[in-house]
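Examining the three-dimensional arrangement
Each chain is listed here by its residues.
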Amino acid sequence: GIYPGRLSLLVGESGIGKSTIALTAAASFASGRKLLSAFAPNGGGRVLFLSGEDDAPVLKKRLEALEAAYGVKVPRDRLHFVDAVSPLLTVDGAGTTHITPAWTALRKKGANYELIIVDPFVSWLGVANENDASVMGKLAEHLKALAADTGAAVLVSHHTSKHGALSLEQGAARGSGALAAAARWIGNLARPGEGAQALGIEPEDSHKFLRFAISKISYGSRVHGSKIFERDAAGVLHDADPGAQRR
């Protein structure tokens, strides 16, 4: 799964629900409870969630909805949000990366956590050209070092390319493949697409469902096939089997 001291990626198109998946994984890890089948915590621990799209009050409301849906209580001293976005690393015109005070602070603070979530890559580590393999490789090395130096699992969410929106393969990630190459675990999210009915999903309900698959796993056997998640009225994701009634 998401390994301590290693870099992991969560890949999906804009607006698909990467932040929701990341929050669910964070709540699962902080509470020590398996909520979605894709994320089974091994003991759990403290989580630092860097949110570049939603501020802390919004995340806390979503967390409360998740707690109500699953009947779980997430200890607030084990899940901390950072919503004041400040570039962790910068890249100059020559392609050289520079460490910022925010990065130095994160490396120091991160040693007190078992899971660090960076959501999304573009907000915290935005670069002018994500197709630049050299630059993306350097940023990936910094993220790997963050995981290795703190001992925390580092999970970074990242967008798909336009052509990869419906793909559940590791090559779906936007830009250079350097980031995916550096990750030891990659989870992919995609909408049902034209295959919705084959999955037992009615076209009018397809907006409620997501497909999820692990496209890369370096320290274990790859799980073949995809899982289906359904979003409830409160926006909380649950494991689903929409084709069950047909069987």
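Please refer to the structure higher up on the page.
This is a predicted model, so every value here is computed, not measured.

Right, let's get into the nonpolar core. Within the largest apolar cluster, 39 residues are counted, with the highest numbers of intra-cluster contacts made by F49, L79 and F212. Within the residue set of this core, elements represented by two or more residues are α1 (18-31), β2 (47-51), α2 (56-70), β3 (79-82), β6 (115-119), β7 (153-159), β8 (185-190) and β9 (209-217). The element that contributes the greatest number of residues to this core is α1, accounting for eight residues. Judged by nonpolar contacts, the second largest core, of 33 residues, contains L106, V127, A140 and V154.

The next subject is the pairing of strand β11 (residues 237-240). Relative to β11, strand β10 (residues 227-231) runs antiparallel, the two sharing four bridges. Along β11, the bridge assignment pairs I228 with A240. Counting the residues that bridge the hairpin from β10 to β11 gives five residues, and of these G235 lies at a positive phi of roughly 90 degrees.

This part takes up the packing of aromatic side chains. If you walk through the whole model with that rule in mind, you get six aromatic pairs. A centroid spacing of 5.6 Å and a plane angle of 65 degrees characterise the contact between F49 and F81, whose relative ring orientation is edge-to-face. With F49 in strand β2 and F81 in strand β3, this pair connects stretches of sequence that are 32 residues apart. Comparing F49 with F81 shows no difference in burial state: the two are buried. A connected cluster of aromatic rings, assembled from ring pairs, spans F39, W185, F212 and F229. Residue placement shows R46 over the ring face of Y113; its charged tip is 4.6 Å from the ring centre.

The α-helix winds at 3.6 residues per turn, so residues separated by three or four positions along the chain end up facing the same way. For α1, built from 14 residues, the straight-helix expectation of 20 Å at 1.5 Å per residue is met to within 8% by its first-to-last C-alpha distance of 20 Å. Of all 14 residues in α1, 13 are buried; the element is thus mostly enclosed. The positive-phi residue at the C-terminal boundary of α1 is G32, with phi of around 75 degrees.

One pass over the full model with this rule turns up seven salt bridges. R191 is the partner of E13 in a salt bridge, and the nearest nitrogen-oxygen pair spans 3.0 Å. Of this pair, E13 sits in the loop between β1 (7-12) and α1 while R191 sits in the loop between β8 and β9; the two residues are 178 residues apart in sequence, bridging distant segments of the chain. One salt bridge connects E130 with R174, and the closest N-O pair in it is separated by 2.7 Å. Of this pair, E130 sits in the loop between α4 (121-124) and α5 (133-150) while R174 sits in the loop between β7 and α6 (178-182), and the two are 44 residues apart along the sequence. Look at E130 and you get buried, because its relative accessible area is 9%.

So, how was this worked out
Residue numbering note: each chain is counted from 1, following its sequence as written. A pLDDT threshold of at least 70 governs which residues receive local features in this predicted model, and a stricter bar of 80 or more applies before side-chain atom pairs are shown or counted, although totals over entire chains, interfaces and linings include all residues. Side-chain metrics rest on all non-hydrogen atoms present in the structure, leaving aside hydrogens and water. Side-chain atoms within 4.5 Å are what join buried Ala, Val, Leu, Ile, Met, Phe, Trp, Tyr and Cys residues into a set we call a nonpolar core. Three exposure classes are used, based on accessible area relative to the maximum for each residue type with a 1.4 Å probe and protein chains only: buried under 20%, partly exposed in between, and exposed over 50%. Numbering goes from the N terminus for both helices and strands, where a helix is a DSSP run of H or I of at least four residues and a strand is a run of E of at least two. When DSSP finds two or more bridges between a pair of strands, those strands are recorded as paired. Stacked, tilted and edge-to-face are the three classes assigned to paired rings of Phe, Tyr and Trp, where Trp is represented by its six-membered ring and a pair needs centres within 6.5 Å; plane angles under 30 degrees give stacked, over 60 edge-to-face, the rest tilted. Remark: a charge is flagged as sitting over a ring if the NZ atom of Lys or the CZ atom of Arg is within 6 Å of the ring centre and within 35 degrees of the ring normal. The span you would expect from a helix comes to 1.5 Å times its residue count less one. Every case where a carboxyl oxygen of Asp or Glu lies within 4 Å of a side-chain nitrogen of Lys or Arg is listed as a salt bridge.

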